[in-house]
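Chain residues, written in single-letter form:
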Amino acid sequence: MLIAGALVSGTGTEIRGYDPATGQTLEPGYRYGDDTHVAAACAAAAEAFAAYRATTAEQRARFLESIAANLEAIAETVVARAHAETGLPEARLTGEVGRTTGQLRLFAAVLREGSWTGARIDPALPDRTPLPRPDIRQRAVPLGPVAVFGASNFPLAFSVAGGDTASALAAGCPVVVKAHDAHPGTSELVARAIADAVTAEGLPPGTFSMLFGSGPGLGTALVTDPRIAAVGFTGSRSGGLALVAAAATRPEPIPVYAEMSSINPVFLLDAALASRGADLGRAFVGSLTMGSGQFCTNPGLIIAVDGPGLDAFLASAREALGAAAATPMLTPTIAESYAAGVTALSERAELVVRGLAGNATACQAALFTTDASTFATSEVLQAEVFGSSSLVVRCADVDEMSRVAAGLEGQLTATVHADEADHDAARQLLPTLETKAGRILFNGWPTGVEVGHAMVHGGPFPATSDSRTTSVGGRAIERFLRPVAYQDVPTSLLPSAIADGNPDGIWRRVDGELTRD
């Protein structure tokens, strides 16, 4: 573990990396930390907060770019270790290095652009009647130290240096990461890269720490430590809700931004099915089986009107999925959960096809079908199965498709496949999907989340614990900021973002108008 730049060994349970492709455990061993390590990391973060929050946007931007450069310098080593610990293809992991460094550089650009400050100025109106208006200015300030929980399925982009860490550091918040047991060696390598950047940029050592430990033990202790001001989490619904509950029972509750559960419905409209049903079936299987289906945006639900077009879709999907090789899952525990989920589906839905079988920790893909009324009355059929499993819901008509959409839980994504002749039906569906998903996409597949300024990776509960935010994209920084108004503060004491003369050269809303003057 790393606490304020120092290497620390735990005294608890020993964990090791595990190669799911070979079934071999990896050296070295890592030991869980305990409450004393949580206290030390949180104390260091709290001590660092005042100095770190006082850094300029440019200083933090250079820090994020330094982390990115350090990761690129060890990319070959990181990819090799991550491949050994996850079984994910090296090409995929190489791309994930690029995504991780891209996120860091995105937030460096966000910092320099300046709109994240939310700078607003309402100049004084001393002659206004019946009462004069004071000079009121507003900017965003960092919340404080942030606890980040690494995800199992993205050992880089949603882990130690992932989007939660990058956005919190960009906001001016020190970070304490609880690394995931699925890739401890990868986590250590990345943590060292961040710690080296902390030192190189002359930042307080407590700006970053990384711990290992159980969720109910160390994880709960981290969330309930009074020095932690917010939490970023990607994982299961049960894990996320446990953290939300722990944070809510603190003497001072804090926000938990948890990305949790989503089955990512795909709506196949009539004309699209009629013109390209077979092509859609093959493309669907490619999305479903990518990465053994271990994506939070995996297409776990297909909704369509029963008929020849859907039959063509199912026929091509059956052929493609039946030939799909079993591929490694991240951990034996995840493989066991997947198998249990598929068994539960098989007891309530009709099996269409299974992929090729593999060893005990491999993902044997599965596709099921059911009717709309059965789906609507079954919690099991609506639950996420983490892996290459999906359910096709046959509807009697477009109205029944709409009723299925209205009954869905909150989702990260909702996909619509529509030809021009489907646009009237799609227009009717869109208002419902806006209430159900954080991202709506047409004529594509939900796997793959672009990192950019307009992306939303979030959604209504249970996709996330707070539907107002995103964990991917430039707006992710907003989770770790809060607004402060400054009324009649002397000019010499004003922060630069809202100072006279606009010394930062950023866009600000002055007396209601957006300007750089």
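Thresholds, definitions, all that
Residues numbered from 1 in each chain as written. Predicted model: local features only at pLDDT ≥ 70, side-chain atom pairs only at ≥ 80, totals over all residues. Heavy atoms only, no water. Helix = DSSP H or I, 4+ residues; strand = E, 2+ residues; numbered from the N terminus. Rg over C-alpha atoms; globule rule 2.2 N^0.38 Å. Buried < 20%, exposed > 50% of the residue type's maximum accessible area, 1.4 Å probe, protein only. Contact = heavy atoms within 4.5 Å. Areas by Shrake-Rupley, 256 points an atom, 1.4 Å probe, with all protein chains shown as cover. Pairing = 2+ DSSP bridges. Axes fitted to C-alpha atoms, helices over the stretch in contact; angles between N-to-C directions. Core = buried A, V, L, I, M, F, W, Y, C linked by side-chain atoms within 4.5 Å. Domains from an automatic or database assignment. Parallel < 35°, antiparallel > 145°, perpendicular 65-115°, else oblique. Left-handed = near helix turned anticlockwise from the far one by under 90°. Disulfide = S-S within 2.5 Å. Right-handed = clockwise from strand over helix to strand, strands pointing away. Nonpolar A, V, L, I, M, F, W, Y, C, P; charged D, E, K, R; others polar.

Taking an unreviewed UniProt entry as the reference, the protein chain is identified by name as 2,5-dioxovalerate dehydrogenase belonging to Mycolicibacterium grossiae.

Asks: Pulling in residues and values, what's your account of the overall build of the protein chain?
Replies: Check the secondary structure of the protein chain and you find 14 helices and 23 strands. A compact globule built from 517 residues would reach a C-alpha radius of gyration of about 24 Å, and the protein chain, at 24 Å, matches this within 12%. Along the first, second and third principal axes, the C-alpha set of the protein chain runs to 75 × 65 × 40 Å. Taken across its 517 residues, the protein chain has 55% of its residues classed as buried. Intrachain contacts of the protein chain at a sequence separation of at least 6 include 75% that bridge at least 24 residues. Of the roughly 20,500 Å² of accessible surface on the protein chain, 54% is carried by carbon and sulfur atoms.

Asks: Residue-level account of the sheet that holds strand E22 (residues 508-510), with values.
Replies: With mixed pairing, the 5 strands of this open sheet are ordered in space as E21-E6-E5-E22-E23. Only two strands of the sheet have a single partner each, and these edge strands are strand E21 (481-487) and strand E23 (513-515). Across the sheet, the mean angle from the axis of one strand to that of its neighbour is 25°, orientation sign disregarded. Here strand E6 (residues 136-142) pairs with E21 via 7 bridges, running antiparallel. Counterpart to Ala 140 in the pairing with E21 is Pro 483.

Asks: Could you give an account of the environment of Ser 9, with specific residues and numbers?
Replies: With respect to the secondary-structure elements, Ser 9 resides in the loop between strand E2 (6-7) and strand E3 (14-19). The spacing of Ser 9 and Pro 142 is 133 residues in sequence and 31 Å in space, taken between C-alpha atoms. In this structure Ser 9 touches Met 1 and His 37, once residues within four positions along its chain are discounted.

Asks: Go over the nonpolar core, please, and point to the residues and values.
Replies: Ranked by size, the top nonpolar core spans 116 residues in total, and within it Ile 67, Val 160, Phe 208, Ile 303, Val 393 and Ile 477 carry the most contacts. For this core, the element with the highest residue contribution is helix H4 (residues 90-113), accounting for 8 residues. Two domains each put at least three residues into this core: domain 1 (2-16 + 25-116 + 145-260 + 467-479) and domain 2 (265-442). Of all hydrophobic cores here, the second largest spans 21 residues; its members include Leu 280, Phe 284, Leu 288 and Val 392.

Asks: Would you mind going over the packing of helix H13 (residues 398-406) against helix H14 (residues 423-436) in detail, with residue names and values included?
Replies: Where H13 meets H14, the closest approach of the two axes is 9 Å, and the angle between their N-to-C directions is 15°. The angle between H13 and H14 falls in the class roughly parallel. In this structure, H13 meets H14 at a crossing whose hand is left-handed. Across the interface between the two elements, Ser 402, Ala 405 and Ala 406 of H13 pack against Leu 429, Thr 432, Leu 433 and Lys 436 of H14.

Asks: Would you mind going over the state of the cysteines in detail, with residue names and values included?
Replies: Within the structure shown, the criterion is met by 0 disulfides. No disulfide involves Cys 42; its nearest neighbouring cysteine sulfur is the one of Cys 173, lying 13 Å away. Residue Cys 42 is classed as buried on the basis of its relative accessible area, which comes to 0%.

Asks: Explain the sheet that holds strand E15 (residues 350-354) to me, and be specific about the residues and the numbers.
Replies: Spatially, 7 strands are ordered E15-E17-E18-E13-E12-E19-E20 in an open sheet, and the strand pairing comes out mixed. The sheet is open, and its two edges are formed by E15 and strand E20 (437-442), each paired on a single side. Recorded for the sheet is a direction-independent mean angle of 20° between the axes of neighbouring strands. With 4 bridges connecting them, strand E12 (residues 265-268) and strand E13 (residues 301-305) associate as parallel partners. Looking at E13, one finds that Val 266 is bridged to Ile 302.

Asks: Before we move on, can you summarise the side chain of Thr 415 with the specific residues and values?
Replies: For Thr 415, the location among the structural elements is in strand E19 (residues 411-417). Thr 415 has contacts with Pro 265, Val 266, Phe 267, Leu 441, Gly 444 and Pro 446, leaving out every residue within four places of it along the chain.

Asks: Provide a residue-level description of the pairing of strand E9 (residues 208-211), including the pertinent values.
Replies: Side chains of E9 alternate between two faces, with Phe 208 and Met 210 and Ser 209 and Leu 211 buried alike. Across 4 bridges, strand E8 (residues 175-178) lies against E9 in parallel orientation. Within E9, the residue paired with Lys 178 across the bridge is Leu 211. Regarding the hand of the β-α-β motif, the stretch spanning E8, helix H6 (residues 184-200) and E9 is right-handed.

Asks: How would you summarise the packing of helix H3 (residues 75-86) against H4 if you had to cite specific residues and measurements?
Replies: It is at 9 Å that the axes of H3 and H4 come closest, and there the two elements cross at 130°. Put simply, H3 runs oblique to H4. Where H3 crosses over H4, the two elements pack in a sense that is right-handed. Here Ala 75, Val 79, Ala 82, His 83 and Thr 86 of H3 come into contact with H4, specifically with Glu 90, Leu 93, Thr 94 and Val 97. Across the contact of H3 with H4, the residue classes break down as 5 nonpolar, 3 polar and 1 charged.

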